[in-house]
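Residue-level listing of the chains:
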Amino acid sequence: MMEHEMNRMSLQFLSRSENEAFARITVAAFVSQMDPTLEELTDLKTVISEAVTNCIIHGYENKPDGMVSISAEIEGEEVTITVSDEGRGIEDIELARQPLYTSKPDMERSGMGFTIMENFMDQFEVVSAPGAGTSIRMKKRIESKKALYN
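Notes on the structure in this doc start here. (Residues numbered from 1 in each chain as written. Predicted model: local features only at pLDDT ≥ 70, side-chain atom pairs only at ≥ 80, totals over all residues. Heavy atoms only, no water.)

## Considering the environment of Ala-132
Tracing the sequence through the fold places Ala-132 in the loop between β4 (123-129) and β5 (133-141). Taking the C-alpha atoms as reference, Ala-132 lies 6.3 Å from Gly-87; in sequence the two are 45 residues apart. If sequence neighbours within four positions are ignored, Ala-132 has contacts with Asp-85, Gly-87 and Arg-88. (Helix = DSSP H or I, 4+ residues; strand = E, 2+ residues; numbered from the N terminus. Contact = heavy atoms within 4.5 Å.)

Shown next, in the form of structure tokens:
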């Protein structure tokens, strides 16, 4: 891929758990044009799953009529992914980002979602306001397999 080529996509779907796999596969298909390694693709799928699940469980509290939005942008060797909802928002982002913290202990949530996203991506930021939804923006540099063999 040339250095300054850019491509982008966006997706919106209802906050139903069955749409999580759809989101994961769609983003993976979009990023495939960058020729990622299997490990990079697996990391991205995991991150999308975590982010979408957060929107559904925390943002909309399992109500199936909220909208989840995903946008992805490829520029050069970097992909930027934003996953957002218009749900209840996060009151304390720093607390929510702590490993093992969960606002839903009764649901056996691990509280590792943000930690996983942070570990698998090069950049990770959360923007949220109570009652106004949450937006997660992540970046990852994809080391193309082509580059590995040249």
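## Some points on the nonpolar core
Grouped together as the largest cluster of nonpolar side chains are 34 residues, with contacts concentrated most on Ile-70, Ile-81, Val-83 and Met-138. Those residues in contact with Val-83, other than ones at most four positions away along the chain, are Ile-48, Ala-51, Val-52, Cys-55, Val-68, Ser-69, Ile-70, Thr-134, Ser-135, Ile-136 and Met-138. (Core = buried A, V, L, I, M, F, W, Y, C linked by side-chain atoms within 4.5 Å. Buried < 20%, exposed > 50% of the residue type's maximum accessible area, 1.4 Å probe, protein only.)

## A closer look at the layout of surface pockets
The probe, sized like a water molecule, is rolled over the atoms to show the empty space still left. Roughly 540 Å³ of internal volume is contained in the largest pocket. Forming the walls of the largest pocket are 27 residues, and the residues nearest its centre are His-58, Ile-90, Ala-96, Tyr-101 and Ser-103. Ranked by residues supplied to the lining of the largest pocket, first place goes to helix α2 (residues 38-59) with six residues. In terms of residue class, the lining of the largest pocket is made up of 10 nonpolar, 10 polar and seven charged. (1 Å grid on protein atoms, 1.4 Å probe; cavity = no way out; pocket = protein on both sides within 12 Å on 5 of 7 lines; lining within 4 Å. Points joined across faces, edges and corners; volume = space filled by probe spheres on them. Nonpolar A, V, L, I, M, F, W, Y, C, P; charged D, E, K, R; others polar.)

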